[in-house]
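Chain and residue survey
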Amino acid sequence: MSALEPINFTRGVPANESFPEAELAEAARRVLEKQAVAVLQYGPAAGLAQFREWLAKWQGVAADRVLVGNGSLELVEFLCIGLLSRGDLVYTESPSYDRAIKLFRRNGMEVEGVPLEADGPDIDALEKMLARRVPKLFYVIPDFQNPAGATCSLEKRKRLVELAEKHDFLLLEDAPYRLLRYRGTDEPTLYSLAPGRVLHMSSFTKLIAPGVRAGFMIGDPAKLAKIGKVAEDTYISPGYFAHGVTAEWCAAGQLGPQIERLKKLYAPRLDATLAAIDKHMPDAVATRPNGGFFLSVTLPEGTSTTAVREAATKYNLNLADGLAFFPSGGGERFLRLPFCALTPEQIDEGIRRLALAVKDARGA
Ligand SMILES: Cc1ncc(COP(=O)(O)O)c(C=O)c1O
């Protein structure tokens, strides 16, 4: 690969070569043959009936515990409007998904960050924060967290739902990376531990393609109805055609094999990232996730991500700003590395350039 080719460690996008294009074309043809009017007409805001029913069966819940949206992120916006009020306190992990933090703030929420450790939120810190003020909601990404790559331990999952019960706040569990586990065994979802306390959300954007804009929320029907009403007032009904294609593809049994293909494609990319860090940046402190899209690096003391980002442009290496992931400050030395959309060769070259940029930034 050319030393001049730009390398992007910026957003967590899936690999272009992962999209099941031919299968989706077939599913689109079938869905139009079978139920053209249903997927082309307006309908209930909670989602296309066929898709909602498939999701309910897959998740082992009743259909009224499923709300389908145009991707999962927008459902968080509808939740803010339907369930929260301006000025309400929301906790997120720190760091957390920057777009979710931005969205809570845009809807008038006060956002505070609970420090994230390698095995999930710092429970002692959380208890201290709860003693001061209880949030309406805690937004958690328990599996292969964006941006850190951390996975919450079973013990911490249990503590989180206990604390939510005790202090009466809602847990919003965002799990778009959960099924992309390359090693090890699953922990139970927060939702399975406390279905009355948790709204669980996930998405097909990382499993099929962002273009299908198919995301969903699982939980208490009364809460979902309020969120669904905001959806209805916003777009009448979500993108039934894309959702119909997704449902048809899922019903044909294509999700399982696709997840296996993704694991085969992405696991070597995670390994390549870890190997490249060991080779080019042996002193770096990196998270070592067992799945997902991201790992993160804490840069050496005295080196800021801002300075490294700037130095990296000289090497045609694009990095994301670390600060936006931290709702309550911090993150000056935090660097997120999304590895799925790069080949192992690009990853090795990217980390080589990163090591040069870190050296330059430290010397500056
Ligand atoms: C944690 C998390 N939640 C939600 C999303 C967005 O999902 P969707 O495309 O379904 O809106 C992303 C995308 O990067 C994400 O990382």
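Further up the page is the structure itself.
Residues numbered from 1 in each chain as written. Predicted model: local features only at pLDDT ≥ 70, side-chain atom pairs only at ≥ 80, totals over all residues. Heavy atoms only, no water.

Quick notes on the overall build of the protein
Across its full length, the protein carries twelve helices and 13 strands. For 364 residues, the compact-globule formula gives about 21 Å, and the C-alpha radius of gyration of the protein, at 21 Å, lands near that figure. For the protein, the C-alpha atoms occupy an extent of roughly 60 × 55 × 35 Å along the three principal directions. Within the protein, the fraction of its 364 residues that count as buried is 55%. The average position of the 44 basic charges and that of the 45 acidic charges among the side chains of the protein differ by 1 Å. (Helix = DSSP H or I, 4+ residues; strand = E, 2+ residues; numbered from the N terminus. Rg over C-alpha atoms; globule rule 2.2 N^0.38 Å. Buried < 20%, exposed > 50% of the residue type's maximum accessible area, 1.4 Å probe, protein only. Lys, Arg positive; Asp, Glu negative; His and termini not counted. Charge placed at Lys NZ, Arg CZ, Asp CG, Glu CD.)

Focus on the nonpolar core
Inside soluble globular proteins, nonpolar side chains tend to come together where they are buried. Ranked by size, the top nonpolar core spans 86 residues in total, and within it Phe-204 and Leu-354 carry the most contacts. With ten residues, helix α10 (residues 255–280) is the single largest residue contributor to this core. Formed by 30 residues, the second largest nonpolar core is a distinct cluster that contains Ala-46, Val-76, Ile-101 and Ile-227. (Core = buried A, V, L, I, M, F, W, Y, C linked by side-chain atoms within 4.5 Å.)

Let's talk about the packing of aromatic side chains
Overall, the coordinates contain 14 aromatic pairs when judged by the stated rule. Pairing Tyr-177 with Phe-294 gives two aromatic rings, centres 5.5 Å apart and planes at 85°, and the pair type is edge-to-face. Of this pair, Tyr-177 sits in the loop between β7 (170–174) and α7 (190–193) while Phe-294 sits in strand β11 (residues 294–298), and the two are 117 residues apart along the sequence. Assigned by exposure class, Tyr-177 and Phe-294 land together as buried. Among the aromatic residues, ring-to-ring pairing joins Phe-51, Trp-54, Trp-58, Phe-204 and Phe-216 into one connected group. (Phe/Tyr/Trp six-rings, centres within 6.5 Å; stacked < 30°, edge-to-face > 60°.)

Notes on a nonpolar patch on the surface
A surface patch of nonpolar side chains, about 270 Å² in accessible area, is lined by Leu-32, Leu-40 and Phe-241. Within the secondary structure, Leu-40 is located in helix α1 (residues 21–40). By relative accessible area, Leu-40 is classed as exposed at 59%. (Patch = residues over 30% accessible without salt bridge, like charges linked within 9 Å, V, L, I, M, F, W, Y side chains within 5 Å. Areas by Shrake-Rupley, 256 points an atom, 1.4 Å probe, with all protein chains shown as cover. Salt bridge = Lys/Arg side-chain N within 4 Å of Asp/Glu carboxyl O.)

Looking at the pattern of salt bridges
All chains considered together, the criterion is met by 29 salt bridges. Measuring nitrogen to oxygen at the nearest pair gives 2.9 Å for the salt bridge that ties Asp-233 to Lys-229. Of this pair, Asp-233 and Lys-229 both sit in helix α8 (residues 221–235), four residues apart, which is roughly one turn of the helix. You can call Asp-233 exposed: its relative accessible area is 55%. Counted as one network, the salt bridges with shared partners bring together Glu-26, Arg-29 and Glu-33.

Quick notes on the sheet that holds β11
Across the sheet, which stays open at both edges, the three strands sit in the order β10-β11-β13 with antiparallel pairing between neighbours. The sheet is open, and its two borders are formed by β10 (285–286) and β13 (334–338), each paired with just one other strand. With two bridges joining them, β10 and β11 adopt antiparallel strand pairing. Across the sheet, the residue bridging to Ala-286 is Val-297, located in β11. Along the sheet, α10 contacts β10, β11 and β13; its crossing angle with β11, the most-contacted strand, is approximately 15°. (Pairing = 2+ DSSP bridges. Contact = heavy atoms within 4.5 Å. Axes fitted to C-alpha atoms, helices over the stretch in contact; angles between N-to-C directions.)

Points about the sheet that holds β7
Taken in spatial order, the eight strands of this open sheet run β2-β9-β8-β7-β6-β3-β4-β5, and their pairing is mixed. Since the sheet does not close on itself, it has two edges, and those belong to β2 (66–70) and β5 (120–121), each with one partner. Here strand β3 (residues 89–94) pairs with strand β6 (residues 137–140) via three bridges, running parallel. Bridge pairing links Thr-92 to Tyr-139 in β6. Packing against the sheet, helix α5 (residues 123–132) makes contact with β3, β4 (110–117), β5 and β6, and its axis sits at approximately 155° to β4.

Some thoughts on the side chain of His-200
When you line up the elements, His-200 lands in strand β8 (residues 198–203). Excluding anything up to four places from it in sequence, His-200 contacts Gln-59, Glu-173, Ala-175, Thr-189, Tyr-191, Phe-216, Met-217 and Ile-218.

Considering the site of the ligand
Every one of the 14 residues lining the ligand counts as a neighbour, but Ser-72, Asp-174, Tyr-177, Ser-203 and Lys-206 are closest to it. Within the side chain of Asp-174, an N or O atom sits 2.5 Å from a nitrogen atom of the ligand. Within the side chain of Tyr-177, one N or O atom sits 2.5 Å away from an oxygen atom of the ligand. Alone, the ligand offers 400 Å² of accessible surface; in the complex the protein occludes 92% of this. (Near = heavy atom within 4 Å. Polar contact = N/O pair within 3.5 Å; in protein donor to acceptor, adjacent residues only side chain to side chain.)

Considerations on the pairing of β4
Sheet analysis places β3 next to β4, joined by six bridges and oriented parallel. Across the sheet, Val-90 pairs through a bridge with Val-111, a residue of β4. One crossover worth recording links β3 to the parallel β4 by way of helix α4 (residues 98–106), and it is right-handed. Examined bridge by bridge, β4 and β5 share two bridges and lie antiparallel to one another. Its bridge partner lying in β5, Glu-117 is registered against Gly-120. Connecting the antiparallel pair β4 and β5 is a turn made up of two residues. (Right-handed = clockwise from strand over helix to strand, strands pointing away.)

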